[in-house]
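Coordinates in review
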Amino acid sequence: MRISILIQNAYGVGGTIRTTFNLAGALAERHEVEIVSVFRHREEPTFTLDPRVGLRHLVDLRPDSDTCDLKDPLYRTPSLVFPKGENRYEQYSVLSDRRIKAHLTSLDADVVIGTRPGLNVHIALQAPRHMVRIAQEHLTLETHSVQLLLTLRRLYPRLDAVTTTTEADAAAYRRRLRLPGVRVVTLPNSVPDPGVAPSTLDAKYVVAAGRLAPVKRYGDLIRAFVKVAAERPDWGLRLYGSGAQQEKLERLIARLDIGDRVTMMGTASPIEPEMAKGSMLAVSSSMESFGMTIVEAMRVGLPVVSTDCPLGPGEIISDGVDGLLVPPRDVDALAAAMLRLINDDELRHRMGEAALKKGAQYDPAKIADACEALLEELIARRAGAAGRLRAAGRHVGGLGVGAAYSGKDIARAAKRRARRLRKKLRNKVRARLRGGGGKAGSPARGQKAG
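Figured I'd write up the structure that's included with this text. Numbers given for residues are sequential positions, taken from 1 along each chain in its written order. Reporting of local features is limited, given that this is a predicted model, to residues whose pLDDT is at least 70; pairs of side-chain atoms are given and counted only at 80 or more, and all residues count toward the totals for whole chains, interfaces and linings. Only hydrogens and water are set aside; all other atoms, that is, all heavy atoms of the structure, feed into the side-chain values.

1. So, the nonpolar core
Counting 39 residues, the largest nonpolar core has Leu6, Ile100, Tyr156, Val162, Tyr173 and Leu179 as its most contacted members. If you list the elements that add at least two residues to this core, you get β2 (32-40), β3 (54-60), α2 (94-105), α3 (117-126), α4 (146-155) and α5 (167-176). Here a residue-residue contact requires only that any non-hydrogen atoms of the pair lie within 4.5 Å. Aside from chain neighbours lying at most four places away, what touches Leu6 is Val36, Val38, Leu58, Ile100, His103, Ile113, Gly114, Thr115, Leu119 and Ile123. Counting 34 residues, the second-largest nonpolar core is a separate cluster that includes Ala224, Ala229, Leu239 and Met351. To define a nonpolar core, start from buried Ala, Val, Leu, Ile, Met, Phe, Trp, Tyr and Cys residues and group those joined through side-chain atoms within 4.5 Å. Working definition: with a 1.4 Å probe on protein chains only, accessible area under 20% of the residue-type maximum means buried, over 50% means exposed, and in between means partly exposed. By the criteria applied, helices consist of DSSP H or I runs no shorter than four residues and strands consist of E runs no shorter than two, each listed in order from the N terminus.

2. Describing α5
Taken together, the buried positions of α5 are Asp169, Ala170, Ala172 and Tyr173. The buried residues of α5 occupy an angular sector of 155° when the element is viewed end-on, so they sit on one face. Buried residues in α5 make contact with α4, β6 (161-164) and β7 (183-186). Directions pointing from the helix axis toward each C-beta atom define the arc.

3. Quick look at the sheet that holds strand β12 (residues 304-307)
Between any two strands, at least two bridges found by DSSP are needed for them to pair. Taking strand neighbours across the sheet as the criterion, the 6 strands line up as β10-β9-β8-β11-β12-β13 in an open arrangement whose pairing is parallel. Whereas interior strands pair on both sides, the edge strands pair on one side only; in this sheet they are β10 (262-266) and β13 (323-326). When strand polarity is set aside, the average angle formed by the axes of neighbouring strands in this sheet is 20°. Inspection of the sheet shows strand β9 (residues 236-240) paired to β10 by 4 bridges, in the parallel sense. In the strand pairing of β10, Arg238 is matched with Thr263. Note on definitions: angles span 0 to 180 degrees between N-to-C directions of axes, and those axes are lines fitted to C-alpha atoms, for helices only across the stretch in contact.

4. Topic: the packing of helix α6 (residues 218-231) against helix α11 (residues 331-343)
Interaxial distance between α6 and α11 falls to 8 Å at its minimum, and their mutual angle equals 45°. Classed by the angle they form, the pair α6 and α11 counts as oblique. Considering only the axes of α6 and α11, their crossing is right-handed. Residues Asp220, Leu221, Arg223, Ala224, Phe225, Lys227, Val228 and Glu231 of α6 form the contact with α11, whose own contacting residues are Val331, Asp332, Leu334, Ala335, Met338, Leu339, Ile342 and Asn343. Three residue categories are used. Nonpolar comprises Ala, Val, Leu, Ile, Met, Phe, Trp, Tyr, Cys and Pro, charged comprises Asp, Glu, Lys and Arg, and polar comprises the others, including Gly. In terms of residue class, the contact of α6 with α11 is made up of 10 nonpolar, 1 polar and 5 charged. Working rule for angles: under 35 degrees goes down as roughly parallel, over 145 as roughly antiparallel, 65 to 115 as roughly perpendicular, anything else as oblique. Helix crossings are classified by the rotation of the near helix relative to the far one: an anticlockwise turn of less than a right angle makes the crossing left-handed, while a clockwise turn makes it right-handed.

5. Considerations on the pairing of strand β1 (residues 2-9)
The buried fraction of β1 is high, at 7 of 8 residues. As paired elements, β1 and β2 share 7 bridges and run parallel to each other. Within the sheet, the bridge partner assigned to Leu6 lies in β2 and is Val36. Handedness of a crossover is defined as follows: with both strands directed away from the viewer, a clockwise route from the first strand across the helix to the second makes it right-handed. Read from β1 through helix α1 (residues 15-27) to β2, the crossover connection turns out right-handed. Both β1 and strand β4 (residues 111-114) contribute to a ladder of 4 bridges, which runs parallel. Paired with Ile3 across the bridge in β4 is Val111.

6. Observations regarding the pattern of salt bridges
The salt bridge criterion pairs a side-chain nitrogen of Lys or Arg with a carboxyl oxygen of Asp or Glu, the two atoms within 4 Å. Evaluation of the coordinates by the stated rule reveals 26 salt bridges. A salt bridge links Arg18 to Glu296; the shortest N-O distance between them is 2.9 Å. Within this pair, whereas Arg18 is found in helix α1, its partner Glu296 is found in helix α9 (residues 292-298), the two being separated by 278 residues in sequence. Note that Arg348 and Asp345 form a salt bridge whose closest N and O atoms lie 3.0 Å from each other.

7. A word on helix α13 (residues 364-383)
The terminal C-alpha atoms of α13, which comprises 20 residues, lie 28 Å apart, in line with the 28 Å expected from a rise of 1.5 Å per residue. Every buried residue of α13 is accounted for by Pro364, Ile367, Ala368, Cys371, Glu372, Leu374, Leu375, Leu378, Arg381 and Arg382. The definition of a polar contact used here is a pair of N or O atoms within 3.5 Å, where within protein one atom must be able to donate a hydrogen and the other to accept one, and adjacent residues in sequence count solely through side-chain atom pairs. Sitting at the amino-terminal end of α13 is Asp363, which places a side-chain oxygen 3.1 Å from the backbone nitrogen of Ala365. Between the first and last residue of a helix there are one fewer steps than residues, each counted as 1.5 Å, and that sum is the expected span.

8. Comments concerning the sheet that holds β4
Read from one edge of the open sheet, 7 strands run β3-β2-β1-β4-β5-β6-β7, paired in parallel fashion. Every other strand in the sheet has two partners, leaving β3 and β7 as the edge strands with one partner each. Taken over all neighbouring pairs, the strand axes of this sheet differ in orientation by 20° on average, direction set aside. Relative to the sheet, α1 contacts β1, β2 and β5 (132-136), its axis offset from that of β1 by approximately 165°. Sheet contacts for α13: β1, β4, β5, β6 and β7; angle to β5, the most-contacted strand, approximately 140°.

9. Points about the pairing of β6
Side-chain alternation along β6 places Ala161 and Thr163 on one buried face and Val162 and Thr164 on a second face that is also buried. The pairing of β5 with β6 spans 3 bridges and is parallel. Within the sheet, the bridge partner assigned to Ile134 lies in β6 and is Ala161. Following the chain from β5 across α4 to the adjacent parallel β6, one finds a crossover that is right-handed. Summarising the sheet, β6 and β7 pair through 4 bridges and their orientation is parallel. Looking across to β7, one finds that Thr163 is bridged to Val185. Read as a crossover between parallel neighbours, the route from β6 over α5 to β7 is right-handed.

Printed below as a string of structure tokens:
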């Protein structure tokens, strides 16, 4: 297959970029794969990309480049296609609109995959209809604005499939969006073998890693570790990452006088060698769309103590087997779970072995196999009777894209039309019975028009 993946910026840092690179590399074992980055702001990607995967960009943001687009007036004109309800709307422009459209309309591929809602909207509107069109969700449906949800509900029925990173999010898509004929499936993020020896689980460090953002609740973790240190002062916490809350967290550490036990380590890439220096991972988030750091930790044999927050941790961690789940925002429970693993060497090592096996389930080759099976199914469906039915559905009674997939939708629409006709007829009869005031067929005073 020829597979093209559209991403916002392949040259940045983030979980979507990392997992896209992982999946693309694994698919490139058997298929022709390219990543198309809407923006490019630096010479080389931060993450290593498999050399078999093609990489190109549409809008050049490098100030010193001969093809720099920063001075193009269209770059300063707000987008007319990228949805305003998307949280990255401000980064898109009429220039990106035109470049994305030109790319999609000229694309020669079997499959095109978008990696964020705004790009999926472009694909739904502009990608050729003979192509299998897939929307990947790397956040969660619940985090999107109402304005964006309305846009997705209107346009996603034009797609062939939506993939989510968790079963819980897939269920939310099926429940909240009417997507007749669209496959909604779970495709977890993948994490490759880090190529480092698993942790010995004897180093007296708890590790945490991620953006220093409010949703990660690192303040809760630091407060919990105060309780841990009171009982086990020989253990420390290493917190990896950077972000807007760094100064706030540093002030909290100083105020709690825990600086000798809690260390802000900054960013580390790759993170797995640093994780392997610890003996467990701690996750204190109030929301995780998946939980890449959980799988990364498991790939080096770390058991995980995590809040059982929506949506990812509970689907990755088997509580009591390869980690421990605690209620979100419960500092005491978080501290107690860390102490349980700290104080029980046998339990920690047993869970570490189970975590190593669990992490291997998210190897890119295995996720690529699942992705490949989905793509083959969608291509076969498009080529077969279902594909013809889908094309016909766009013209059935004005019901909109995908309506032919759902007999219930057609029946509901017919009932609505029948109700409107009955109401109109009743209004005509009432008007004539009352003396025909006004034009024939108009509703009587006080009646709403049909």
